[in-house]
Amino acid sequence: QVQLVESGGGLVQAGGSLRLSCAASGRTFSNYGMGWFRQAPGKEREFVAAISSSGGNTNYADSVKGRFTISRDNAKNTVYLQMNSLKPEDTAVYYCAGDTVGGRLWISRRGYEYGYWGQGTQVTVSS
């Protein structure tokens, strides 16, 4: 079992950058494939990015490809989301999620495949 805590959200102007962190408790973080999702007011939760437990496989939503980068440091039990060239439409609560369902290269764009979720961190991008 793992507990996830996001941080790093805030208010930023369009074109700016933020780096979100998701710190995991437990000694088996390196076994977890991780993902970032977001939910804007009045909208459904959507996939943002995912990374395999080994870090060797990543996947991005088309809307963030080329602007966001997901990474992880298994020694620090942390996954990151570097967000550059932010747009007002990136405004949302961002959640990290994890699970061990797959092997070292497992990733998923489907939220229901992740059993563990953080509480979320607000990102607001002003125009």
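As shown above, the structure is provided for reference.
Quantities reported herein were computed from a predicted structural model and do not represent experimental measurements.

> I'd like to hear about the pattern of salt bridges, residue by residue, with values.
Within the structure shown, the criterion is met by 5 salt bridges. Here Asp90 and Arg38 are joined by a salt bridge, their closest N and O atoms 2.9 Å apart. Here Asp90 is found in the loop between strand 8 (78-83) and strand 9 (92-99), whereas its partner Arg38 is found in strand 4 (residues 33-39), with 52 residues between them in sequence. With respect to class, Asp90 is no different from Arg38; both count as buried. The partner of Arg67 in a salt bridge is Asp90, with the nearest N and O atoms 2.8 Å apart. Note that Arg67 is positioned in the loop between strand 6 (58-60) and strand 7 (68-73) and Asp90 in the loop between strand 8 and strand 9, a separation of 23 residues in sequence. On the basis of relative accessible area, Asp90 is assigned to the buried category, the value being 1%. Shared partners join several salt bridges into a network, and the residues in it are Arg38, Glu46, Arg67 and Asp90.

> Outline the sheet that holds strand 8, supporting the account with residue identities and numerical values.
Sheet architecture is open: 4 strands sit in the order 1-3-8-7, paired in antiparallel fashion. The sheet is open, and its two edges are formed by strand 1 (4-7) and strand 7, each paired on a single side. Neighbour-to-neighbour, the strand axes of the sheet open up by a mean angle of 15 degrees, direction not taken into account.

> Outline the pairing of strand 7, supporting the account with residue identities and numerical values.
On strand 7, burial follows the alternation: Phe68, Ile70 and Arg72 on one face are buried, whereas Thr69, Ser71 and Asp73 on the facing-out side are not. Where strand 7 and strand 8 come together, 6 bridges link them in antiparallel fashion. Note that in strand 8 the partner of Arg72 across the bridge is Val79. Counting the residues that bridge the hairpin from strand 7 to strand 8 gives 4 residues, and of these Asn77 lies at a positive phi of roughly 55 degrees.

> Outline the packing of aromatic side chains, supporting the account with residue identities and numerical values.
Within this structure, the stated rule accounts for 6 aromatic pairs. With a centroid separation of 5.4 Å and an interplanar angle of 50 degrees, the aromatic rings of Trp106 and Tyr114 are classed as tilted. Each member of the pair Trp106 and Tyr114 is classed as buried. Between Tyr114 and Trp117, the aromatic rings sit 6.4 Å apart at their centres with planes inclined by 75 degrees, giving edge-to-face as the arrangement. Residue Tyr114 is classed as buried on the basis of its relative accessible area, which comes to 4%.

> Give a description of the state of the cysteines that names residues and reports values.
A complete count under the given rule lists 1 disulfide for this structure. Across the disulfide, Cys22 is cross-linked to Cys96 (sulfur-sulfur distance 1.9 Å). For the disulfide bridge between Cys22 and Cys96, the dihedral angle about the S-S bond is near 50 degrees, and by the sign convention the bridge is right-handed. Placement of Cys22 in strand 3 (residues 18-24) and of Cys96 in strand 9 is noted, with a sequence separation of 74 residues between them. Take Cys22: its relative accessible area is 0%, and that puts it in the buried class.

About the thresholds
- Residues numbered from 1 in each chain as written.
- Predicted model: local features only at pLDDT ≥ 70, side-chain atom pairs only at ≥ 80, totals over all residues.
- Heavy atoms only, no water.
- Salt bridge = Lys/Arg side-chain N within 4 Å of Asp/Glu carboxyl O.
- Helix = DSSP H or I, 4+ residues; strand = E, 2+ residues; numbered from the N terminus.
- Buried < 20%, exposed > 50% of the residue type's maximum accessible area, 1.4 Å probe, protein only.
- Pairing = 2+ DSSP bridges.
- Axes fitted to C-alpha atoms, helices over the stretch in contact; angles between N-to-C directions.
- Phe/Tyr/Trp six-rings, centres within 6.5 Å; stacked < 30°, edge-to-face > 60°.
- Disulfide = S-S within 2.5 Å.

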